[in-house]
Each structure stands twice: as structure tokens, then as C-alpha cells.
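Letter by letter, the chains look like this.
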Amino acid sequence: MTTFGPEFWSFPYTSQRMPVLAENVVSTSQPLAASAGLSMLMRGGNAMDAALATAIALTVVEPCMNGIGGDAFAIIWDGKELHGLNASGRAPAAWTPDRFAHLDSMPFRGWDAVTVPGAVSAWRATSERFGSLPFEDLFEPAIRLARDGYLVSPTVQRQWQAQVPGLVSQPGYADAFAPNGRAPLPGERFSCPGQAETLEKIARTKGDAFYHGELAAAIAAHARNTGGSITEADLAAHRADWVEPIRMKYRDVELVEIGPNGQGIGALMALGMLDALDLGSLPVDSAASVHLQLEAIKLAFADMYAHVGDPASMTEITAAHLLDRDYLARRARAIDPRRASYPGQGNPHGGGTVYLTAADRNGMMVSFIQSNFKGFGSGVVVPGTGIALHNRGWGFSTRAGHPNQVGPGKRPFHTIIPGFVMRGDQPLMTLGLMGGSMQAQGHTQVLCRLADYGQNPQAASDAPRFRIKDDNRGVAMEWNTPAETLQGLKDMGHDITQSPRFDTEFGCAQMAMRLESGGYLAASDHRKDGYAVGW
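A quick note: this is a predicted structure, and the numbers were derived from the prediction, not measured.

## Examining the overall build of the protein
Here's step 1: Along its length, the protein carries 18 helices and 21 strands.
Here's step 2: Against the 2.2 N^0.38 benchmark of 24 Å for 535 residues, the protein shows a C-alpha radius of gyration of 22 Å, consistent with a compact globule.
Here's step 3: Once the C-alpha set of the protein is aligned to its principal axes, its extents read approximately 60 × 55 × 45 Å.
Here's step 4: Within the span of the protein, comprising 535 residues, buried residues form 64% of the whole.
Here's step 5: Counting contacts in the protein only where the partners sit at least 6 residues apart, residues at least 24 apart contribute 74% of the total.
Here's step 6: Summing over all exposed atoms, the protein offers an accessible surface of approximately 18000 Å²; the carbon and sulfur share of this is 50%.
Here's step 7: Averaged over its 45 positive side-chain charges, the protein has a centre that lies 2 Å from the centre of its 53 negative ones.

Below is the structure:
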């Protein structure tokens, strides 16, 4: 079986989770969605079928984090090689730079934050290429949950209710997701018949209704009637792209990410710097170890937010430049092992995202992530459909000449990133950790725990995390960070705050590691309703 040393099977952190070991696994942030994926495996489907049934169900049972009107990315090991999918949407044709030139930043809510949604195209593209069950079958659990209802968990209720006051004024939101002027209470049954009908139309037409048919017309009409700019032509022009993932070797493993317009490159840059340092010689969870990780990530963020956008616009500084080993080694030499530095203000954001992973006994492994960005996203909901539209347009810059400057048909900078870990030419682990800019930070932290400290995926998930704040200076530490670590970081000059126990800003991880003896070790995060299942 896969081992990294005698410490691999230890679980040193307080948690309510243990990993699931099985030949077929699904892991995500919501039990009903994981069960939807497991049901596909039990009827003879493969990991892709399971992943998609899980993803579709998540739009129903965790609507405060993702939806039909969001974006998606995936990395898939088909048993022989890796494949990457970028299904993020593009700006409407009406979004010229002049339209937003008077603004310091892009709008956060409403129609001027809505780019074309890509999640539905991801479902179709991955099912067509790798699925084994009929496309319509994948929707059965989600449609049932949307029509018959489900009991809302305390975690989902807490995240849902926190968003309601800021969204009830947005077109269509209250009718669909706050019919009583509030979120459903814990244990209350919630149903969304309009969402069930929408999912039926998507299933029956393999997504065509969303981009070319009845649903596209409804989205465009709602935009015309309430001040939006998305048109039928914008939706029809959308495409999901199969892409070559980008990589960074770290110790004896390799982290694989989807390249720009996503932030996965930030994790690769940080690891490229840390690879030049002897992190493993420092005690795990010590101030000295955390300090080096913080400094590398801050440097990576400073570069990432200055240079990353739609790859077609990255003409002067490309992904290859940012991942150059010599450049990253020079950046690493700028890190003072005893003092904090501040390389300049980045622009990281928090967010609402779901991640899931599935793997099967035939060797297929799927890393899949989808998001409405800020919880329900823009707050705009298409009447009668349950389609909550994301606010991914907020990721654009309004600064003239920036690679990520808003423009028609461009993809904005994206926070959601599915991760994959290779060892040599063989797959080792799927990895995802949702939560805005926490994602690149979380991927880096998990890889260090895996490669430098030999921790198993569940232990790496349970461990206390840090999160660099929006100013690329302040650092939030989880409630269970050792006191000596907190003080040590403060002594080095870090601006440290400690977060309360149930703070949700540290992300939610799901992982599946392949075992040499056959099967997988699936881990799920205790910070939400995390749930790994196996068969």
C-alpha cells in the first residue's frame, strides 16, 4: 500500500473524520451528493459518472456554494493519461473596457458581475468523453431532491442565511431561495420545483437547452427585462476547452493544475520556491515551517495577481515565465527565514465553491470543482428555473493594460482549481480545497504535509491551516494552531489573528489517494458536512 513512512497512518489532529478505504470512492462536502455519486457506481457506472451525479446534486443540496449558473474545471486520469478541462465562461460581448472604466473594481453583485456560465458545458463534455452511463441517468438523484425536497443541514443553513440579507433585492432571488424571507432552518425541508424542471431540460437535451434553447432564451429575456447584458448569442458562443494541465515537481511528487485563467499557477509557484528550501528539516506545524510557506505564497500571489488573466492576454509574461525554475529559485533566495516580508498588495477574495472527487476500481480518477463564486453568486436568479447566476465577472480588473482587464469574450481570473498529484508517471492523489484564494494556499499546505512530513490525506486535511488575508499581509490562523507557533510567527513580524473554531474561511478539502494494494484512501474535511463513501 502507499506509504511515506511510519507516520503515514497516524492521525495527530483532533477531528471527527477517519478516511474511507475502498475500491470505488466518492468524496465531497455534502452527504446527499456523495450518495448520489455512489449510486452511479453501484449501478455499474464509472468514476466520471459518479463525479457528475455528485456535482449535479450539489447544485441542489448546497445551493449557497454552487449552482447551475456557475463555472467548472476538471482534471481526469482516464487510466492512461491526464486530461484537463476549462469550462469557465467568458464576458458578454457588451463588456467593453469603456463600460467599466469609471470603476475602481468590477461590480460584486447583479448583472454586471455575470459572465456566461460554464458548468453545464462541463457536465456534457466530460460525460461524452469519459462517462459510461446515459447522460439523463446522472440527473436522477438531483431531480428527485429538487422536486421532493431535502432536509437542510445546520452547516448549509448557516452559510445560506448569511447571504440572504445582501441578496433579497436581486432579481428573482427571494422567490427561489428565500420564499419566507429567510433561508430554510436546520432540519427544514426545502424543495425547488423550478430547479427540478431545469435539470430535466438539461438532461433531456444534453445541455443544449441551456446554451441554445429554452433556458438560454429565459436567461437572455431576464437580462433584457432587469438590466443585464447577456444575450442568446453570448450563450450560444460558449465552449468548454480541453487543455494541457500545468505542473510543478515538488520533492518526489508533482502537483498538476489547470493553467491560467485559474489560480492553480499560484500553488505551483509557491511550491517551486519551497522546493529550493529544506522545509522538511523543520518541525511540522512549527513557526519556522509555517513562516517559509507563508513567505512563498505571498511572493507567488504578488506575481499572480500582477500577471495572470485570460492566457490569450498574457503576452508579455506567460505561465512559462512564472514557472521558470531559475526564476522561482531567485524568488526563494529573497525569503528571510527569520523575518516576515510584504511583497506588495495582492487581490485575493473569499468565495463559495464545491469540490468533489471520485475514483473507481478500473483506475479512473476525477478531480472536479464547480462554483458560483461568492456563495449564490450575483444574486440574480432566472424566474421559475432555479438558475442562480454566478458573479465570476468580479474577477476581472478594470485597470487599463492589465492582462486581466475586462473585455468582450475574455475569461476572468478564476479562483477555483481542481488539483491532481502524480508520482513519476503514475497518479497518486486527487486534491481539492474550495474557498476563494484559500484554494492555492490550501493546495500548497497539503502538498507540504504530504511530501515533507509524510502525512496521510485525512491528517493533512485535519491539520490547522493558515490563510493570508486580502491585503497579502495579514494572516489568519485556525483556532487549534499551537500557541507557540502563533507567538513565533508574531515574533517574526507576521500580522497574526486567530480565528474562532467554526470559521469557514479556511476551505474544505476532499482527497482520494491511490493505494498500491488496490483501491483508494478517501478523505473528507471536517470543516463542513464533508462525507467520503466507498463501495
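## Observations regarding the domain arrangement of the protein
Here's step 1: Per the domain assignment, the segments making up the protein are domain 1 (49–240 + 368–395) and domain 2 (243–350 + 417–534).
Here's step 2: Distance from the C-alpha centre of domain 1 to the C-alpha centre of domain 2: 27 Å.
Here's step 3: In this complex, domain 1 contributes 22 residues to the contact, which on the side of domain 2 involves 20 residues.
Here's step 4: Applying the counting criterion to the domain 1 and domain 2 interface returns one salt bridge.
Here's step 5: Residues Glu62 and Lys528 are paired through a salt bridge, measuring 2.4 Å at the closest nitrogen-oxygen approach.
Here's step 6: Applying the counting rule to domain 1 against domain 2 returns six residue pairs in polar contact (both at pLDDT 80 or more).

## Notes on the sheet that holds strand β14 (residues 419–423)
Here's step 1: Read across the open sheet, the seven strands follow the order β1-β20-β19-β15-β14-β9-β8; overall the sheet is antiparallel. For this open sheet the edge positions go to β1 (20–22) and β8 (246–250), each flanked by a neighbour on one side alone. Adjacent strand axes in the sheet meet at a mean angle of 20°, parallel and antiparallel pairs treated alike.
Here's step 2: Bridge count for β1 against strand β20 (residues 520–524) is three bridges, and the pairing is antiparallel. From the neighbouring strand, Ala22 faces β20, where its bridge partner is Tyr520.
Here's step 3: Helix α16 (residues 438–451) rests against β8, β9 (253–257), β14, β15 (426–434) and β19 (508–514) of the sheet, and its axis sits at about 140° to β15.

## Some thoughts on the sheet that holds strand β16 (residues 466–468)
Here's step 1: The three strands are arranged β16-β17-β18 in an open sheet whose pairing can be described as mixed. Two strands in the sheet have a free side with no partner beyond their single neighbour: β16 and β18 (495–498). Strand-to-strand twist of the sheet, defined as the mean angle between neighbouring strand axes without regard to direction, takes the value 25°.
Here's step 2: Where β16 lies against strand β17 (residues 474–477), three bridges are found, and the strand directions are antiparallel. In the sheet register, Phe466 faces β17, and the bridge partner there is Met477.
Here's step 3: On top of the sheet, helix α18 (residues 483–491) reaches β17 and β18; it is set at about 155° to β18, its chief contact.

## A word on the packing of aromatic side chains
The description of an aromatic ring pair uses the distance of the two centres, along with the angle that the planes make with each other.
Here's step 1: The tally for this structure, following the rule as stated, stands at 19 aromatic pairs.
Here's step 2: Ring centres of Trp95 and Phe396 lie 6.4 Å apart, and the angle between their planes is 70°; on these two criteria the pair is classed as edge-to-face. Taken together, the positions of Trp95 in the loop between β4 (82–86) and α3 (97–100) and Phe396 in the loop between β13 (387–388) and β14 put the pair 301 residues apart, joining distant regions of the chain.
Here's step 3: In this structure Phe396 comes out as buried when scored by relative accessible area, which is 5%.
Here's step 4: Here Phe301 and Tyr305 contribute two aromatic rings whose centre-to-centre distance is 5.7 Å and whose plane-to-plane angle is 85°, an arrangement assigned as edge-to-face. In this pair, Phe301 and Tyr305 both sit in helix α13 (residues 287–307), four residues apart, roughly one turn of the helix.
Here's step 5: A relative accessible area of 1% places Phe301 in the buried class.
Here's step 6: The structure contains a cluster of three or more aromatic residues connected by ring pairs, namely Tyr150, Trp160, Tyr173, Phe177, Phe190 and Phe376.
Here's step 7: A cation sits over an aromatic face here: Arg129 above Trp242, 4.5 Å from the ring centre.
Here's step 8: Over the aromatic face of Phe373 sits the side chain of Lys374, whose NZ or CZ is 6.0 Å from the ring centroid.

## Considering the nonpolar core
Here's step 1: Counting 105 residues, the largest nonpolar core has Trp123, Phe139, Trp160 and Phe368 as its most contacted members.
Here's step 2: Considering each element in turn, this core owes the most residues, 12 residues, to helix α2 (residues 47–61).
Here's step 3: Three or more residues apiece are contributed to this core by two domains, here domain 1 (49–240 + 368–395) and domain 2 (243–350 + 417–534).
Here's step 4: Excluding anything up to four places from it in sequence, Trp160 contacts Pro63, Cys64, Tyr150, Val152, Tyr173, Phe177, Ala183, Pro184, Phe190 and Phe376.

## Focus: helix α8 (residues 193–205)
Here's step 1: For α8, which comprises 13 residues, the first-to-last C-alpha distance of 19 Å matches the rise-based estimate of 18 Å (1.5 Å per residue) to within 8%.
Here's step 2: Of all the residues in α8, the buried ones are Gly194, Gln195, Ala196, Thr198, Leu199, Lys201, Ile202 and Ala203.
Here's step 3: Considering only its buried residues, α8 is in contact with α2, α4 (119–130), α5 (140–148), α9 (208–211), α10 (214–226) and β13.
Here's step 4: Downstream of α8 by one or two residues, Lys206 has phi in the positive range, about 55°.

Conventions we followed
- Counting from 1, residues in each chain are numbered in the order their sequence is written.
- The model is predicted, so local features are restricted to residues of pLDDT at least 70 and side-chain atom pairs to those at 80 or more, both for listing and for counting; the totals for chains, interfaces and linings are taken over all residues.
- By convention in this description, side-chain values take in all heavy atoms of the structure and omit both hydrogens and water.
- Secondary structure elements follow DSSP: runs of H or I no shorter than four residues count as helices, runs of E no shorter than two count as strands, and numbering proceeds from the N terminus.
- Our radius of gyration is a C-alpha quantity, and the globule rule it is checked against amounts to 2.2 Å times the number of residues to the power 0.38.
- Buried means the residue's accessible area, taken with a 1.4 Å probe over protein chains only, is under 20% of the maximum for its type, while exposed means over 50%, and partly exposed covers the values in between.
- The contact rule is simple, with two residues in contact once any of their heavy atoms fall within 4.5 Å.
- In short, Shrake-Rupley with a 1.4 Å probe defines the accessible areas, and a residue's cover is counted only from the protein chains shown.
- By the counting scheme adopted, Arg and Lys are positive, Glu and Asp are negative, and His together with the chain ends is not counted.
- Charged groups are reduced to one reference atom each: NZ for lysine, CZ for arginine, CG for aspartic acid, CD for glutamic acid.
- The domain boundaries here were taken from an automatic or database domain assignment.
- Salt bridges, as used here, are contacts in which a Lys or Arg side-chain nitrogen is within 4 Å of a carboxyl oxygen on Asp or Glu.
- Think of a polar contact as two N or O atoms within 3.5 Å of one another; within protein, one of them needs to be a possible hydrogen donor and the other a possible acceptor, and neighboring residues in sequence only count if both atoms come from side chains.
- Any two strands with at least two DSSP-identified bridges between them are counted as paired.
- Throughout, an axis means a line fitted to C-alpha atoms (over the contacting stretch in the case of helices), and angles, computed between N-to-C directions, take values from 0 to 180 degrees.
- Ring pairs shown here join Phe, Tyr and Trp side chains whose ring centres sit within 6.5 Å, with only the six-membered ring taken for Trp; geometry is labelled stacked below 30 degrees between planes, edge-to-face above 60, and tilted in between.
- Any Lys NZ or Arg CZ that is within 6 Å of a ring centre and within 35 degrees of that ring's normal is treated as a charge sitting over the ring.
- Side-chain atoms within 4.5 Å are what join buried Ala, Val, Leu, Ile, Met, Phe, Trp, Tyr and Cys residues into a set we call a nonpolar core.
- Multiplying one less than the number of residues by 1.5 Å gives the expected span of a helix.

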